[in-house]
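Residue-level listing of the chains:
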Amino acid sequence: MSADLESAQHPETLRRVAIEPLSRVEGHGKVTLLLDENDHIRQVRLHIVEFRGFEKFIQGRPYWEAPVMVQRLCGICPVSHHLAASKAMDQIVGASQLTPTAEKLRRLMHHGQMLQSHALHFFHLSSPDLLFGFDSDVAKRNIVGVIEAYPEVAKQGVLLRKFGQEVIRLTAGKRVHGTGSVPGGVNKNLSREERDFLLKDIYQIIAWSRDAVQLARRLFEQNRELYNAFGRFEAHGLSLVRADGAMDLYHGGLRARDKGGETLFDHVNYDHYWERILEEVKPWSYMKFPYLRELGPEQGWYRVGPLTRVGLCDFIPTPFADQERRSFLAYDAGRAAGATLGTHWARMIEMLHSAEAIKELLHDNDLSGDALVVSGARQERGVGVIEAPRGTLIHHYRVDEDDVIVRANLIVSTTHNNQAMNEAIRQVARQYLDGRKLTEGLLNHIEVAIRAFDPCLSCATHALGKMPLVVELLDAEGATVDSLIRSVGCGER
Amino acid sequence: MNPPTLIIGIGNPSRGDDALGPLAIERLEALALPGVELLTDYQLQVEYALDLQGRERVIFIDAAASGPEPFAYGLVTAVEDASYSSHELSPGALLHAYQKLYGEPPPAWVMAIRGYGFGLGEGLTGQAAGNLEAALAAMMEVK
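Residues numbered from 1 in each chain as written. Chains lettered and ligands numbered in written order. Predicted model: local features only at pLDDT ≥ 70, side-chain atom pairs only at ≥ 80, totals over all residues.

On to the sheet that holds strand β15 (residues 405-411) of chain A, then. Residues and elements named next belong to chain A. Overall, antiparallel pairing links the 3 strands, which are arranged β13-β14-β15 in an open sheet. Both outer strands of the open sheet, β13 (381-388) and β15, are each paired with one neighbouring strand and no more. Sheet twist, expressed as the average angle between the axes of neighbouring strands with direction ignored, equals 15 degrees. Inspection of the sheet shows strand β14 (residues 391-399) paired to β15 by 6 bridges, in the antiparallel sense. Opposite R398, over in β15, you have R407 as the bridge partner. Most of the contacts of helix α3 (residues 78-92) go to β13, to which it runs at about 150 degrees, and overall it touches β13 and β14. (Pairing = 2+ DSSP bridges. Helix = DSSP H or I, 4+ residues; strand = E, 2+ residues; numbered from the N terminus. Axes fitted to C-alpha atoms, helices over the stretch in contact; angles between N-to-C directions. Contact = placed C-beta atoms within 7 Å.)

Written as structure tokens, this is what we have:
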């Protein structure tokens, strides 16, 4: 049982290996392995130095600033924070039902974000591992290697991401630091010229997205046994679903299913999420461990994100993506749908769904409507939940009578997946590292497992010289025996 | 037709001296320089290669956590570095990706303005503010 690897007996007698920080994983993450004298793995932990200043950063500001300010929490998924905060502030201003123009514009913005985020992850962060092999030549195992070996795939990745960014620019008003979504609605519609600008490329984007699903599928098929088994673990799942059970990445009720597929709760209003989800603190981690309240902290941890969403929904409301969902769930008697590396396939199905949803929205005349904002009876508390690229994202605020935010609580996708990522790397450590001399290729197996979740820990700054990649081998006393540093910078500095 | 000069300011405006890049862009915007396009973002990613197309020169402005004060300004060339494996590319890595995708990139420079504090919610430090002024003055001379 992988849970055995959470805490070793007599750790002072063991050798320690730290992978810090993780490459292709944003922000500050570190894995520590404790090994005995025969290189057997005794303890594996993923430590994430999560910045806990989010709430303090937001508290004390007027509520209407939140949708803009929260984008600065994370340079990787600012649109997800923008929309989650906006949904919470809809409740604060008493906007129980947005206008069709506002809701559809927000959905369009969200699908633009999903498309660009999933494209970046699959084509540029994961494809080097998947196309070349987890322990292939490290010098080749990067996006440049992909550009050289698979130039068309690499170019499609760039253009898919660019298209998603254009959708964001036109709906949020700016390429970054957008202001499009406001409490109670949006502050601009989509002009017909803007719509036509996006429409001219959308069919190509859908075609490339369909190809991407097939590429993800082929990679799985070519290495079926490896992909099925790699870092595999059983987990409960949590996501939003629409009232009719459809995948809905923007809004819905909470659905949770246990490891055996039994529904634990369904269509639960997220306004009182704390009645279903609690967070546990562990002394060795800065990041909390959420769990389902009814199952308790030991048994109640769960997984969120593409793999869970594709498996949990009853259908995907766009035709190509739903066809791919059914094919994915049926593949190998359903085993791919429970595989850690099946996440890449599921992620591409979601990307296809977003491309199709963008096309449908662009043909909807509501996008150019003039009714942009509504309001109602002012409330003290607002909760906004969205399915962000990496999983469920919760924003929760309390606002006083002077319109100032006095309390904020955020549970980001990567926090939901904290225990799940630990489970994945413990399985990988058992499968591939136990009893073997560690090499870069073997250590990369750990990163491959974490990368499947695309954790975004982007609370770090991005100044030049701030993010060296370090792998350290330490002895039992913590002294450095060996280290490898790859600095990040520009050639002439 | 793209304007011949592209200047990209990199950084998070709410993380102390990480705001140096976006603040520099704000100041340059006020000057309405002809033939210059200004962009800002939290970090560079591979799709910025598309923005580099058709340019005569590119300047990246970023905060530097270490290095010379008040700034270091220099030519940057295409280089394959470890930033390929993260959610952000270094300027040199972006040029390298451009080279592989589209051929020889336009000549590019980095203005690395020295910063000191990068905490969320912090303002610009006094020292960094001075460095920003020096960097902008130098850029005006280069222009």
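Let's shift gears to the sheet that holds strand β2 (residues 36-41) of chain B. Residue and element names in this part refer to chain B. Read from one edge to the other, the open sheet built from 5 strands follows the order β2-β1-β3-β5-β4, with strand pairing classed as mixed. Pairing within the sheet leaves two strands with one partner each, and these edge strands are β2 and β4 (71-76). In this sheet, neighbouring strand axes are inclined to one another by 20 degrees on average, regardless of whether the strands run parallel or antiparallel. Strand direction decides the pairing type here: strand β1 (residues 5-10) and β2, joined by 6 bridges, are parallel. Considered in β2, the bridge of I8 is made with L39.

Residue and element names in this part refer to chain A. Where burial is concerned, most of strand β7 (residues 236-241) is hidden: 6 out of the 6 residues are buried. The side-chain alternation of β7 yields two buried faces, one formed by H236, L238 and L240 and the other by G237, S239 and V241. Bridge analysis of β7 against strand β8 (residues 253-257) gives 5 bridges, and the strand direction is antiparallel. Within the sheet, the bridge partner assigned to G237 lies in β8 and is R257. (Buried ≥ 20, exposed ≤ 12 C-beta atoms within 10 Å, placed from the backbone.)

Residues and elements named next belong to chain A. Segmentation of chain A into domains returns domain 1 (2-49 + 421-486) and domain 2 (55-416). Taken together, the contact between domain 1 and domain 2 spans 27 residues of the former and 26 residues of the latter. Secondary-structure elements contributing two or more residues to the side of domain 1 that touches domain 2 are β4 (41-48), α14 (418-433), α15 (440-451) and β16 (456-457). With 8 residues, α15 is the largest single contributor of residues to the side of domain 1 that touches domain 2. Of the residues contributing to the side of domain 1 that touches domain 2, the split by class is 12 nonpolar, 8 polar and 7 charged. (Domains from an automatic or database assignment. Nonpolar A, V, L, I, M, F, W, Y, C, P; charged D, E, K, R; others polar.)

This brings us to the nonpolar core. One broad trend across soluble globular proteins is that nonpolar side chains are buried collectively. Ranked by internal contacts, the top residues of the largest apolar core, which has 172 residues, are I425 of chain A together with A97 and I113 of chain B. Here the element with the most residues in this core is helix α4 (residues 100-132) of chain A; it accounts for 11 residues. When we break this core down by domain, the ones giving at least three residues each are domain 1 (2-49 + 421-486) and domain 2 (55-416) of chain A. Contact partners of I425 of chain A, with chain neighbours within four places excluded, come to V31, V44, L46, I446, A449 and I450 of chain A. (Core = buried A, V, L, I, M, F, W, Y, C linked by C-beta atoms within 7 Å.)

To continue, consider the packing of α14 of chain A against α15 of chain A. All names here are of chain A. In the contact formed by α14 and α15, the axes pass within 9 Å of each other and the chain directions differ by 150 degrees. The orientation of α14 relative to α15 falls into the category roughly antiparallel. Both α14 and α15 take part in a crossing whose hand is right-handed. For the pair α14 and α15, contact is made by M421, A424, I425, V428, A429, Y432 and L433 and by L442, H445, I446, A449 and I450, respectively. Looking at side-chain class alone, the contact of α14 with α15 contains 11 nonpolar, 1 polar and no charged residues. (Parallel < 35°, antiparallel > 145°, perpendicular 65-115°, else oblique. Left-handed = near helix turned anticlockwise from the far one by under 90°.)

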